[in-house]
Amino acid sequence: MSLPPEKVSELKQLIHNHLLKMDIHGKIREVLAETLREGQGSASQALSEADLLDALQRRGIIDDVMKDLHVTQEAPTDTERKSPPKPAMTKIDKDFTQPKRTNIDPSRRYMYLQVLGGKAFLEHLQDPEPLPGQVCSTFTLYLHFRNQRFHSKQVPCACEPNLTEGFLLEINRDGIGERGKMADATAMLSICDPVQLVLIKTDVSGETTLISSYFLDWRRVLGSPNGKTCFALELMGVGSECKLPAGVLTVSLELVPPLTETLNIDIICTQQSLERQRTTEKERLFLVYAKQWWREFLEIRPSHQSKMVKIFAQDENGVNRPVCSYVHVLRAARLLESPRQAARFVSLLANEKTPLVGGGGKQEQWCTLMAFLCRRKGDCENHATLLCSLLLGFGLDAYVCVGTKAKGTPHTWVLTRGTDGSITFWESLTAHRYLHQALDPDAPPLAPQPKPSSPYCTVGCVFNHQTFLANCQPSDTVDLCVFDFQNPSRWKAMSEEALKSVCAPGSTTSLPPIPPLCAPSLDAAAASNHLELEMRYLVCEHRKDLELTTVWDDHLSYLMSSALSAYEMERCIGVSCGNEEFQDAVRRAVPDGHTFKGFPIHFLHRNARRAFSTCLKSSFCEEIVCCRGDHVRLAVRVRVFPYPEDTCAVWLMLACKYRSVL
């Protein structure tokens, strides 16, 4: 017998409350720790899920759960017996994936980080409690620790959100040949990598907002007597609100298996204090050097004061860091196959300027990589630093350029230098590439000059993860600039040793960790089919309002797949291919005396109503949707192309064929 959705939700909540009342998590941790201790005496082998379930059953924990759980079922009324239950509107959590079964290696050390709930999110104090199945704004907590990334399920936004989630983090050793060994207390004390927590709000339209970004020093658990500690984290806001609290999370940390000997809390505090002192001294020395370097740069020409030479930038937490620390050598494993595909991926991350309360100029915010990836949108600075990092990973000599484009608007883009001296500009927001050829200001008036191709006006400085160069040429106009970085009369370089002292990975504890890219979890075929069916429904309803019937041509819809695939390939590699086959197939599918019209369009989202509304703004598309005539046949095709971080390129084509009347 199937239950209606509201009864299923009620049953799940009842079971969840019962398990919390029994402290089932505590009992499972006790059994897990005991089983791991027993397994250390014998040969090390992976502890499977079946072994853990067997241990729980032997101790009678599963029997206790089932014995104490009582579910009362209400007798159906006469009305319910006669009429089938109406389908309830439920919110489908598309981002949530079922957890994978993981074998626990008893020879490794783990940390179980459990979020026990949130409170004091005062921005949502007046929010009404959502009804069952109601679509509402949600919170999602993302986590990164030493190349391990996780995220929680979505929970409704509230003053006290039900953020209850557990994450099992492996604590591996750093030394060569040491990764297979269990980390002891001393080894873990030397691991200064924090756990980065990023809280994202998603509204009902799918728009994301960065609420908080927090770096947790987890090493306090090393001094806990039982290897477990619980505390409250005050999450601060971001940008202009970085000094204001956003909310509080209750967090529990536990080492698995627990330490045989814990560290004195004074030792932990001393280690953290030494790390902070070392970081502060390095940052102070670099600031002294940067000031001296800037004075020397201004002495070359007084006009350099107005050039866009950016040495420091603020992240989402209001922390000033050298711009070189925002760029890393980032390898995408097998998620991206080429530099141009990397540029396409970065361009699919939405472009949004940092929101500003009130009027005034542009507010600049360079986000950490984790916050940018979790939010999946940001300003041009975030896009450029990510693209530069990926191009460095592909072995290119890449730099971020800081300058202006049309009308003097500040802008950042990416530059690569070929081994033959060629200069290529990469626009991170569109994935367009421009070959740069400098004009010769001393050439005769009638001498042929290369035609400017890029939209950039001036360039003040360029940088990557280990180089910073300021433009000291007489003019900072891009068309006149020569990108010969070895020539000190054209480009003034900062000391690479000075940059390395504060920007190299592991140089200071204030540097945020570098997260890996996540593989897409989206099923491209299922997403394409679902969106296509929604578009068909919207077209039918629109034509019905106009008192028009709708007849679909499935064969014509299928033929348009090749065109959409060619469009995406052209965006990736810059070369168009496959159009001849598509045109030939359409000619064969459209009879003599008939007219064919097609309208392709590209989106960065999968919201059918938003897409249809955008399509109708085009008069050509409206002609297709509202087509009248003899033997009118409509076609629609949708292709969703997934990329890392669950970004996607969505291509949609609407078409019609009808008998021409002269």
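A quick note: this is a predicted structure, and the numbers were derived from the prediction, not measured. (Residues numbered from 1 in each chain as written. Predicted model: local features only at pLDDT ≥ 70, side-chain atom pairs only at ≥ 80, totals over all residues. Heavy atoms only, no water.)

### Observations regarding the pattern of salt bridges
Cut-off, in case you're wondering: Only one rule defines a salt bridge in this text: a Lys or Arg side-chain nitrogen within 4 Å of an Asp or Glu carboxyl oxygen.
Using the criterion set out here, one finds 20 salt bridges in the structure. It is possible to trace a salt-bridge network through shared partners that takes in E207, E352, R375, K377 and R610.

### Some remarks on the packing of aromatic side chains
We describe a pair of aromatic rings using the distance from one ring centre to the other and the angle between the two ring planes. Inclusion rule: Between the rings of Phe, Tyr and Trp (Trp by its six-membered ring), a pair exists once the centres lie within 6.5 Å; its type follows the angle of the planes, with under 30 degrees stacked, over 60 edge-to-face, and the other angles tilted. Strands here mean DSSP runs of E at least two residues long; helices mean DSSP runs of H or I at least four residues long; both are numbered from the N terminus. Residue exposure (1.4 Å probe, protein chains only): buried if accessible area is under 20% of the type maximum, exposed if over 50%, otherwise partly exposed. By the criterion adopted, a ring carries a charge over it if an Arg CZ or a Lys NZ lies within 6 Å of its centre and within 35 degrees of its normal.
Tallying each qualifying case throughout the model produces 22 aromatic pairs. Geometrically, the ring pair formed by F286 and F312 is edge-to-face, given 5.9 Å between the ring centres and 75° between the ring planes. One end of the pair, F286, is in helix α7 (residues 265-300); the other, F312, is in strand β10 (residues 312-314), and 26 residues separate them in sequence. For F286, a relative accessible area of 3% corresponds to the buried category. An angle of 65° between the planes, with centres 5.4 Å apart, marks the rings of Y326 and W366 as edge-to-face. Here W366 lies in the loop between β12 (350-351) and α9 (369-375) and Y326 lies in the loop between β11 (320-322) and α8 (339-348), a separation of 40 residues in the sequence. Across the pair, exposure class does not vary: Y326 and W366 are buried alike. Lying over the aromatic face of W426, R433 brings its terminal NZ or CZ to 4.8 Å of the ring centre.

### Overview of the sheet that holds strand β18 (residues 456-463)
For clarity, the threshold we go by: Note: two strands are recorded as paired if DSSP finds a minimum of 2 bridges between them. Each axis is a line fitted through C-alpha atoms, taken for helices only over the stretch in contact, and angles between the N-to-C directions span 0 to 180 degrees. Throughout, a residue-residue contact means that at least one pair of heavy atoms, one from each residue, lies within 4.5 Å.
The strand order across the open sheet built from seven strands is β17-β16-β15-β14-β18-β19-β20, with neighbouring strands paired in antiparallel fashion. Strand pairing shows two members of the sheet lacking a second neighbour, β17 (433-436) and β20 (491-493), which therefore form its edges. Across the sheet, the axes of successive neighbouring strands diverge by a mean angle of 35°, strand direction being ignored. Relative to β17, strand β16 (residues 423-426) is paired through four bridges, and the arrangement is antiparallel. When the sheet's bridge partners are listed, F425 is paired in β17 with Y434. Together, β14 (397-405), β15 (410-417) and β16 form the strand contacts of helix α10 (residues 380-393), whose direction differs from that of β15 by roughly 10°.

### Structural notes on the confidence of the model for the chain
Going by this rule: As a per-residue quantity, pLDDT reports the predictor's confidence and falls between 0 and 100.
Scored by pLDDT, the chain comes out at a mean of 85, with 87% of its residues at no less than 70. The model gives residues 71-97 a pLDDT under 50, and that stretch makes 25 contacts with residues more than four places away or in other chains.

### Some details on a nonpolar patch on the surface
Counted only if it meets this: Think of a patch as exposed residues, more than 30% relative accessible area, with no salt bridge, where like charges cluster within 9 Å and nonpolar side chains (Val, Leu, Ile, Met, Phe, Trp, Tyr) cluster within 5 Å. All accessible-area figures derive from a Shrake-Rupley calculation using a 1.4 Å probe, and residue coverage is judged against the displayed protein chains alone.
On the surface, M569, I573 and V575 cluster together into a nonpolar patch covering about 220 Å² of accessible area. Counting through the fold element by element, M569 comes out in helix α13 (residues 554-573). Residue M569 is classed as partly exposed on the basis of its relative accessible area of 34%.

### Looking at the nonpolar core
What tends to happen in soluble globular proteins is that the nonpolar side chains get buried as a cluster. Worth spelling out the cut-off: Only buried residues count toward a nonpolar core, which is a set of Ala, Val, Leu, Ile, Met, Phe, Trp, Tyr and Cys residues joined through side-chain atoms within 4.5 Å.
The biggest cluster of nonpolar side chains holds 75 residues, and the ones touching the most others in it are F345, L386, L390, F463 and F468. Apart from the residues lying within four places of it in its own chain, the contact partners of F463 are V323, C324, V327, W366, Y399, V400, V402 and F468. Counting 39 residues, the second-largest nonpolar core is a separate cluster that includes F145, L199, W218 and I268.

### Here we look at helix α11 (residues 496-503)
To keep it simple, the criterion reads: This arc is built from the directions going out from the helix axis to the C-beta atoms. Identification of polar contacts relies on pairs of N or O atoms within 3.5 Å, with a donor-acceptor requirement for protein atoms, meaning one able to donate a hydrogen and the other able to accept it, and with residues adjacent in sequence counted only if both atoms are side-chain atoms.
Of all the positions in α11, only A498, L499, V502 and C503 are classed as buried. For α11, the arc enclosing every buried residue in end-on projection is 105°, short of the 170-degree limit, so these residues lie on one face. Exposed side of α11, more than 90 degrees from the buried face: E497 and K500 are the residues found there. Each element contacted by the buried residues of α11 is listed here: α7, β11 and β19 (468-471). Structurally, the start of α11 carries an N-cap: the backbone nitrogen of E497 is 3.3 Å from a side-chain oxygen of S495.

### Brief notes about α7
Basically, it comes down to this: An expected span of 1.5 Å times one less than the residue number is assigned to each helix.
An ideal rise of 1.5 Å per residue puts 52 Å on 36 residues; α7 measures up with 53 Å between its terminal C-alpha atoms. Restricting attention to buried positions, one finds in α7 the residues I268, Q272, E275, T279, F286, A290, W293 and F297. Turning to α7, the residues buried within the fold contact α6 (185-189), β10, β11, β19, β20 and α11. In this structure N264 caps α7, since a side-chain oxygen of it lies 2.7 Å from the backbone nitrogen of D266.

### A short note on the side chain of K307
Stated formally: Under this rule, positive means Lys or Arg and negative means Asp or Glu; His and the chain ends count for nothing.
Secondary-structure assignment places K307 in the loop between α7 and β10. Buried and unpaired, K307 has D476 as its nearest opposite-charge partner, separated by 5.3 Å. A polar contact is formed between the side chain of K307 and the backbone oxygen of Q473, at a distance of 2.9 Å.

### A few points about unusual backbone geometry
The amide bond that connects V256 to the next residue, P257, takes the cis arrangement and shows omega of -10°. Inspection of the secondary structure puts P257 in the loop between β9 (245-256) and α7. The backbone phi angle of A431 is positive, close to 70°, even though this residue is not glycine. Mapped onto the secondary structure, A431 falls in the loop between β16 and β17. Judged by relative accessible area, which is 14%, A431 ranks as buried. With a phi angle near 60°, E547 is a residue other than glycine that sits in the positive phi range. Its relative accessible area of 75% is what places E547 among the exposed residues.

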